[in-house]
Amino acid sequence: MLTVHHLGKSQSERIVWLCEELEIPYELKRYARDPVTMLAPPDYKALHPIGTAPVITDGDFVLAESGAIVDYIMAKYGNGRLALRPDHPDFAQFLYWFHFANGTLQAGMGRLMILNRLKLAEDNPMLVASRGRTDRAFDLVDARVRDAEYLAGDSFTTADIMMGFSLTTMRYFQPYDLSRCPNVVNYLGRIGARAAYRRAMEKGDPGMALLLS
Ligand SMILES: N[C@@H](CCC(=O)N[C@@H](CS)C(=O)NCC(=O)O)C(=O)O
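Cut-off values and rules
Residues numbered from 1 in each chain as written. Predicted model: local features only at pLDDT ≥ 70, side-chain atom pairs only at ≥ 80, totals over all residues. Heavy atoms only, no water. Near = heavy atom within 4 Å. Polar contact = N/O pair within 3.5 Å; in protein donor to acceptor, adjacent residues only side chain to side chain. Areas by Shrake-Rupley, 256 points an atom, 1.4 Å probe, with all protein chains shown as cover. Domains from an automatic or database assignment. Contact = heavy atoms within 4.5 Å. Buried area = accessible area lost by both parts, 1.4 Å probe. Salt bridge = Lys/Arg side-chain N within 4 Å of Asp/Glu carboxyl O. Helix = DSSP H or I, 4+ residues; strand = E, 2+ residues; numbered from the N terminus. Pairing = 2+ DSSP bridges. Right-handed = clockwise from strand over helix to strand, strands pointing away. Buried < 20%, exposed > 50% of the residue type's maximum accessible area, 1.4 Å probe, protein only.

Draft legend 1. Region of interest: the site of the ligand. Taken together, 14 residues surround the ligand, and among them Ala40, Lys45, Ala53, Glu65 and Ser66 come closest. With respect to the ligand, the backbone of Ala40 contributes an N or O atom lying 2.8 Å from an oxygen atom. Measuring from an oxygen atom of the ligand, one finds a side-chain N or O atom of Lys45 at 2.6 Å. When the free accessible area of the ligand is taken as 510 Å², the share hidden by the protein chains comes to 80%.

Draft legend 2. Structural detail: the domain arrangement of the protein chain. Under the domain assignment used here, the protein chain contains domain 1 (2–82 + 198–204) and domain 2 (91–194). Once you take the C-alpha centre of each, domain 1 and domain 2 turn out to be 21 Å apart. Each partner contributes to the interface: domain 1 provides 18 residues, whereas domain 2 provides 20 residues. Of the roughly 1600 Å² buried where domain 1 meets domain 2, counting both sides, 63% is carbon and sulfur surface. When the buried area of domain 1 at its contact with domain 2 is split by residue, Arg14, Trp17 and Leu82 rank highest and sum to 38% of it. Inspection of the domain 1/domain 2 interface yields one salt bridge. For Glu21, the salt bridge identified is with Arg194, shortest N-O distance 2.9 Å. Of all the elements in the fold, those that place two or more residues in the side of domain 1 that touches domain 2 are helix H1 (13–22) and helix H3 (66–77).

Draft legend 3. Layout of the pairing of strand E2 (residues 27–31). Sheet topology note: the strand E1 (residues 2–7)/E2 ladder contains five bridges and is parallel. When the bridges of E2 are listed, His5 appears paired with Lys29. For the crossover that starts at E1, traverses H1 and ends in the parallel E2, the hand is right-handed.

Draft legend 4. Structural context of the pattern of salt bridges. Under the criterion given, the structure shown has seven salt bridges. Residues Arg180 and Asp139 are paired through a salt bridge, measuring 3.0 Å at the closest nitrogen-oxygen approach. Taken together, the positions of Arg180 in the loop between helix H6 (158–167) and helix H7 (182–192) and Asp139 in helix H5 (residues 125–147) put the pair 41 residues apart, joining distant regions of the chain. Overall, Asp139 belongs to the partly exposed group, its relative accessible area being 35%. One continuous salt-bridge network, built from bridges that share partners, spans Glu20, Arg199 and Lys203.

Draft legend 5. Expanded view of the environment of Met38. You can see Met38 is positioned in the loop between E2 and helix H2 (42–45). Look at Met38 and you get partly exposed, because its relative accessible area is 36%. Separated by 29 residues in sequence, Met38 and Lys9 place their C-alpha atoms 9.9 Å apart. Among residues more than four places away in sequence, those in contact with Met38 are Arg33 and Phe173.

See the structure below:
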């Protein structure tokens, strides 16, 4: 049996969401963050040597890292759904946005979160550069979802699932004003209308306000 180990308000919401979209059987185990450090608790850290969320177990097999877990579940249980094949005209877009999620957007927001906590001067060059890079990333997403319904194109894919956390729940940790990204807000409206997304969020983080605007 596939078990999704979900740390509250974390990137593991992607995996709960994926399982709900695919409607595959899975067990959900929830873990609360340490209220002071906001880090994962010891029993979460014991699951995998890297000690970060998400982690899944599938029988005796343990896997961490969002992208690897999504690829694993898709390969084993996806039956070709929620992905584009290499002969699809939007295949490169699918790959780009799938990897943009953790490679650029989430990495940029995480960097900005740490720099902001250092209380640097407003004109600190690293802070200024980091803000500019995050703005460029959001602008790129905004332009993409102005021209396409979903990140890969016409169809909802795992690229949307990978990107969702950074556009929504991550803003609890690093706020970002979406008023400069109206197309992202419209896109998040489409995401929030998905029954599987709603189910996943309610199961993973019951009662959490969804940051969809
Ligand atoms: N690139 C990793 C990042 C994992 C990560 O940083 N997860 C955060 C949650 S959003 C975490 O576990 N934080 C708690 C901790 O470090 O103890 C992935 O996508 O799996």
